[in-house]
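Single-letter residue listing:
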Amino acid sequence: MKREEFKSTLKEILDNNNIGTMATIRDNKPMSRYMYFYNDGLTLYTYTRKDTYKIDDLEENPYAHILLGYEEREDKGESYVEILGKASLPEEVSPDVDEMLAKLGNLYQKLKGEDDLQAIKIDIETARIMNDDDAESDPVEL
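Here's what I pulled together on the structure shown here. Computed from a prediction, not measured in an experiment: that's the story for all the values here. (Residues numbered from 1 in each chain as written. Predicted model: local features only at pLDDT ≥ 70, side-chain atom pairs only at ≥ 80, totals over all residues. Heavy atoms only, no water.)

Counted residue by residue, strand E7 (residues 117–130) has 10 buried out of 14 residues, so it is predominantly covered. The pairing of E7 with strand E8 (residues 140–141) spans two bridges and is antiparallel. Within the sheet, the bridge partner assigned to alanine 127 lies in E8 and is valine 140. (Buried < 20%, exposed > 50% of the residue type's maximum accessible area, 1.4 Å probe, protein only. Helix = DSSP H or I, 4+ residues; strand = E, 2+ residues; numbered from the N terminus. Pairing = 2+ DSSP bridges.)

This is the structure:
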């Protein structure tokens, strides 16, 4: 699969899958949890409460491993993407991103009753599309 085709397939998976797992490192051990994600191109965003272990984990080690996808498709099976990204904790995001995060944030607030939320931005360093006959299984640097 050519690089531009890979990026297009990756973006399609990101555009169509908002729920995935995010793993961080705590005490040299992986900690994984389900998260809601929004993508702006090939950059991921999510929200969490400011006083969570996720924030502490990312401040200690900004790298996160994310799984998104795994939806059954007639032509290709259960494609999903593995992402290694570097996270940051922006104080502000662009208006378009802020609008989408507000929707995710409202859902989060409704579920958890919290209003003290922190945006997490994940810049994708490498990605690997799995269970797709057209994609190589080696990670692709972005």
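Back to the text.
Here we come to the nonpolar core. If you look at the biggest cluster of nonpolar residues, it comprises 22 residues, and the most contacted ones within it are Met22, Leu44 and Val81. At the level of secondary structure, the elements contributing two or more residues to this core comprise helix H1 (3–16), helix H2 (53–60), strand E5 (63–73), strand E6 (77–88) and E7. Here this core takes five residues from E7, the largest share from any one element. Beyond its immediate chain neighbours, meaning those up to four positions away, valine 81 contacts Leu10, Ile13, Leu14, Ile66, Leu67, Leu68, Ala127, Arg128 and Ile129. (Core = buried A, V, L, I, M, F, W, Y, C linked by side-chain atoms within 4.5 Å. Contact = heavy atoms within 4.5 Å.)

Here H2 has its buried residues at Lys54, Ile55, Asp57 and Leu58. Around the axis of H2, the buried residues are gathered within 160° of arc, so they sit on the same side. Seen from the buried face of H2, the exposed residues on the opposite side, beyond 90 degrees, are Tyr53, Glu59 and Glu60. (Arc of directions from axis to C-beta.)

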